[in-house]
Every structure is written in C-alpha cells, then in structure tokens.
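Take a look at the letters that make up each chain.
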Amino acid sequence: MAKIKRALITGITGQDGSYLAEFLLDMGYEVIGMIRRSSTVNFERIKHIQDKVTLVSGDLFDEVSLIHILREYRPNEVYNLAAQSFVQTSWSQPVFTGEVTALGVTRILDAIRIVDPDIRFYQASSSEMFGKVVEVPQKETTPFYPRSPYGVAKVYGHWITVNYRESYDMFACSGILFNHESERRGLEFVTRKISHGVARIKLGLDKELRLGNLEAQRDWGFAGDYVKAMWMMLNQDQPSDYVIATGKTHSVRRFCELAFDHVGLDYRDYVVQDERFMRPAEVDLLIGDATKARTTLGWHPETSFEELVARMVESDLRLLKQAQHL
Ligand code: NAP
Ligand code: F7E
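Keep in mind the model is a prediction, meaning the values are calculated, not measured.

Regarding the overall build of the chain
Okay, so step 1: When helices and strands are tallied, the chain shows 10 helices and 13 strands.
Okay, so step 2: Relative to the globule expectation of 20 Å for 326 residues, the C-alpha radius of gyration of the chain, 20 Å, shows essentially globular dimensions.
Okay, so step 3: With the C-alpha coordinates aligned to their principal axes, the bounding extent of the chain is approximately 60 × 45 × 40 Å.
Okay, so step 4: Among the 326 residues that make up the chain, the fraction classed as buried is 54%.
Okay, so step 5: Within the chain, contacts between residues separated by at least 24 positions form 79% of all contacts whose residues are at least 6 apart in sequence.
Okay, so step 6: For the chain, the accessible surface area stands at approximately 14,800 Å², while carbon and sulfur atoms represent 49% of it.
Okay, so step 7: In the chain, which carries 39 positive and 44 negative side-chain charges, the distance between the mean positions of the two groups comes to 2 Å.

Structural data, given as structure tokens:
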C-alpha cells in the first residue's frame, strides 16, 4: 500500500491555505497547518475542514518553532504560504513585512535544511516582483522591478529559495503566482472590496464604494485553480520555478463594471475615487505568460474572469443576506 503523504502548510488560515488544504485532503494527504498565536481564533476559512487537519502553533518569526514542528511531524512537503500579503500595508510596516515575507522564508528553508533537506519546499512568490514591468507579458525569465516593500520582500524570498536549491541541492520551487481571488479573499483586497461593496449597495446597506486607482490592470484568476499548480510543482522530477497566470488582463474599472452589472447597477453611479487608496508607487500592468506551467506541469486555469466576478458577488450577497436574516 502506498504510504500516505504528509504536508505542512504555513498560512493555512489564509485564502490560499484553505484551498490548498482542501485540495491536499482530497488527494489523500495528511495535512498539518501552522497557525500563529493570537488572542482570538481566526479559523473562518478552515472551519469546515478543521476536524480533518492537524493545527500546530508556530510563527515565521521564530525559527525554533519551525524546527520543532518539522522534527515532530516530518512532512514530505512544505508549502510556505504565510506572509504579510497586503501591498498597501507594506509601506506603513516595511520592516515587519521584511521580517515575515522575506526573512521568514530563510527561517523555514534553514529549518528544513537542519531537520531534513529532503523535504520538498514550495515558496509563494508573486507577480508583484515584476512591478514596473520591463517585459509584456511576464514570464520566468523577466527581470524583477518591485514597486513596494512587499514586492522587494518577495524578491528576497524568491532568490533565497533558488539559492537554497543551488547551495544544498534542496527540492525548492518558487511559484510566481499572479493575482488570484475568491469569495475567501480578505476584505481589503480590491476584488473582494468591490464584490462586498456591490452586495452592500444592492441590499441598501451602503450608498457608495470608495476606491483608489481604477486604471491599474491585473491578471486575475481563481484561487481554487492556482493551489493545484503548487502541488504540481512539488510533484515533478526536478525542482523549478513557474509563472502561474491566466494570460488575460483587466482593469479595476472593468471589475467594477462587471460586478455592478451583475446586480443590475451602473458602477458610475456608486464608485468614488479616494486619494487614501492610492499607492506611493503603483504597479500599472500585470499579465503573465504561463506557457512553462502549461507545457511542463499540464496546468491551465479553469475559471474565467467573468465567472470569478459573478461567484464573488453572489457569495457576498448570500453572506450579507444571511447576516441580515433577509
Ligand atoms: P492571506 O490570505 O493574507 O494569508 C496569509 C497567511 O499568512 C495567513 O494565514 C496568516 O495568518 C499567515 N501569517 C502571516 N504572518 C505570519 C507569521 N508571522 N507566521 C505564521 N503565519 C503568518 O494570503 P493569500 O492570499 O492566501 O496568499 C498566500 C501567499 O501567497 C502569501 O505569501 C502571499 O503573499 C502569496 N501570494 C498571493 C497572491 C494572491 O493573489 N492571493 C499572489 C501571489 C502570491 P493569520 O490568519 O493569523 O493572519
Ligand atoms: O490591488 C488597485 C491597487 O490590493 C490591486 C496580493 O495578493 O496580488 C495582491 O496584490 C490593484 C492595485 O492587490 C483600491 O492600487 C484601486 O493596483 O487587490 P490589491 P495587489 O496589490 O495586486 C499580488 C499578486 C500579491 O502577491 C499580493 O499578496 O487595485 N486599487 N483601488 C485598490 N486596491 C485596494 N486594495 N483597495 C482599493 O480601494
């Protein structure tokens, strides 16, 4: 009988962590989820699978906690999804962002090197590393030009992953994922802010939606499709780095238009531009070329942009109606 594989996910309480845990459980894995200590529990996204996963306490700030977890559970695969992931916050908390999103990667790589360098490692890298893009579309060989402390921290995380692979012959992969969204996205990210705002306006709970730069363009996919690519990367014969993207780009304005359309409203009547949501340095255009993932991994996105917008708006309408007992 084949031995059951065990995976450790850092950031299991986040959007991607919850989808990845579901996916790995379906694949027959035993899933260990690392959670950080907080004064209140934050299991909203994993409450439906909480009895199927093992939750352990640890923090990317604390290498000793990582070593203890690896020693106790000896996973076959580690998915490092934990990060301070909100770009806007990275300007107000640049040092904190560097500690967790950059140095945190070294801490977990080093813990793996110490405990068992045969453990396979996935690093959640980001299209934000391309920033002020020097090539369109962006692929694995496109040079990085990050535009935020978050983007800079992710560049560090990417290169330290490559470096541990080359220095210690570790099976370490960096997945350069373009924006991926879902009904589980945090409320501060623009897609969820829009879907939630649209639902509130439709239900008469708000009169306007205040946003920043409407012209920024992103290559938006569905998170549920993207976590599969993470697993595919760790189950190849050789470790490598891959861009994961849809190859299509849309503006924030277009997202608004579709989301308001979905409930029969015109976004121009409700969206107000607000300086507070503008960034000190913007990433104007992202569009990825996932040819390598398609040809090597056999990965392709399954959810269209229009389906993504619709499912997010529908979900927020449902959630708000439940909360309002409508
Ligand atoms: P998310 O929803 O913000 O989740 C981040 C997770 O990291 C949460 O579980 C959070 O725990 C945890 N975390 C934060 N600081 C930690 C620390 N010091 N120690 C341990 N855990 C910590 O992010 P996501 O959208 O799922 O993204 C997952 C990863 O992919 C992140 O690294 C992100 O930067 C990267 N990424 C995301 C996208 C995207 O479009 N979603 C694209 C490219 C790359 P709490 O619940 O306790 O806060
Ligand atoms: O912004 C513009 C904003 O915060 C998208 C993270 O998962 O993806 C995410 O980073 C765009 C930007 O995501 C508002 O200026 C306009 O151009 O949803 P976002 P992000 O910065 O692209 C990457 C790949 C990651 O790795 C990150 O972890 O939308 N925008 N008005 C706004 N953005 C926000 N948040 N709020 C607004 O009101």
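Thoughts on the domain arrangement of the chain
Okay, so step 1: Parsing the chain into structural domains produces domain 1 (6–180 + 221–244) and domain 2 (186–218 + 249–283 + 303–324).
Okay, so step 2: Taking only C-alpha atoms, the centre of domain 1 and the centre of domain 2 are 27 Å apart.
Okay, so step 3: Counting residues at the interface gives 14 residues for domain 1, matched by 15 residues for domain 2.
Okay, so step 4: Buried area between domain 1 and domain 2, both sides added, is near 1,300 Å², and the carbon and sulfur share of it is 54%.
Okay, so step 5: Taken together, the connections running from domain 1 to domain 2 amount to one salt bridge.
Okay, so step 6: Residues Arg-218 and Glu-128 are paired through a salt bridge, measuring 3.7 Å at the closest nitrogen-oxygen approach.
Okay, so step 7: For the interface between domain 1 and domain 2, the tally reads two residue pairs in polar contact (both at pLDDT 80 or more).
Okay, so step 8: Of the residues assigned to the side of domain 1 that touches domain 2, the class counts are five nonpolar, five polar and four charged.

Section: the site of ligand 2
Okay, so step 1: Within the structure, ligand 2 sits among 22 residues, and Ser-85, Ser-126, Tyr-150, Arg-279 and Glu-282 are positioned closest to it.
Okay, so step 2: Ser-126 places a side-chain nitrogen or oxygen 2.6 Å from an oxygen atom of ligand 2.
Okay, so step 3: Lys-193 has a polar side-chain atom sitting 2.7 Å from an oxygen atom of ligand 2.
Okay, so step 4: Relative to its free-state accessible area of 700 Å², ligand 2 is covered by the protein chains to the extent of 96%.

Quick word on the sheet that holds strand S5 (residues 120–126)
Okay, so step 1: Across the sheet, which stays open at both edges, the seven strands sit in the order S3-S2-S1-S4-S5-S6-S11 with parallel pairing between neighbours. Looking at strand neighbours, the two that pair on one side only are strand S3 (54–57) and strand S11 (242–244), the edges of this open sheet. Across the sheet, the mean angle separating the axes of adjacent strands is 25° when strand polarity is ignored.
Okay, so step 2: The pairing of strand S1 (residues 6–10) with strand S4 (residues 77–80) spans four bridges and is parallel. The residue bridging Leu-8 from the neighbouring strand is Val-78, located in S4.
Okay, so step 3: Packed on one face of the sheet, helix H5 (residues 149–168) meets S5 and strand S6 (172–177) and runs near 155° to S5.
Okay, so step 4: With respect to the sheet, helix H7 (residues 223–234) is in contact with S4, S5, S6 and S11, its orientation differing from that of S6 by roughly 155°.

Concerning the site of ligand 1
Okay, so step 1: Contacts to ligand 1 come from 26 residues, most closely from Thr-13, Arg-36, Asn-42, Ser-85 and Tyr-150.
Okay, so step 2: A distance of 2.8 Å is found between an oxygen atom of ligand 1 and a side-chain nitrogen or oxygen belonging to Arg-36.
Okay, so step 3: Contact distances for ligand 1 include 2.9 Å between an oxygen atom and a backbone N or O atom of Leu-81.
Okay, so step 4: Across the complex, the protein chains shield 89% of the 900 Å² of accessible surface that ligand 1 would expose by itself.
Okay, so step 5: Those elements that place two or more of their residues in the shell around ligand 1 are helix H1 (15–26), S5 and H5.

Each value, and the rule that gives it
- Residues numbered from 1 in each chain as written.
- Chains lettered and ligands numbered in written order.
- Predicted model: local features only at pLDDT ≥ 70, side-chain atom pairs only at ≥ 80, totals over all residues.
- Heavy atoms only, no water.
- Helix = DSSP H or I, 4+ residues; strand = E, 2+ residues; numbered from the N terminus.
- Rg over C-alpha atoms; globule rule 2.2 N^0.38 Å.
- Buried < 20%, exposed > 50% of the residue type's maximum accessible area, 1.4 Å probe, protein only.
- Contact = heavy atoms within 4.5 Å.
- Areas by Shrake-Rupley, 256 points an atom, 1.4 Å probe, with all protein chains shown as cover.
- Lys, Arg positive; Asp, Glu negative; His and termini not counted.
- Charge placed at Lys NZ, Arg CZ, Asp CG, Glu CD.
- Domains from an automatic or database assignment.
- Buried area = accessible area lost by both parts, 1.4 Å probe.
- Salt bridge = Lys/Arg side-chain N within 4 Å of Asp/Glu carboxyl O.
- Polar contact = N/O pair within 3.5 Å; in protein donor to acceptor, adjacent residues only side chain to side chain.
- Nonpolar A, V, L, I, M, F, W, Y, C, P; charged D, E, K, R; others polar.
- Near = heavy atom within 4 Å.
- Pairing = 2+ DSSP bridges.
- Axes fitted to C-alpha atoms, helices over the stretch in contact; angles between N-to-C directions.

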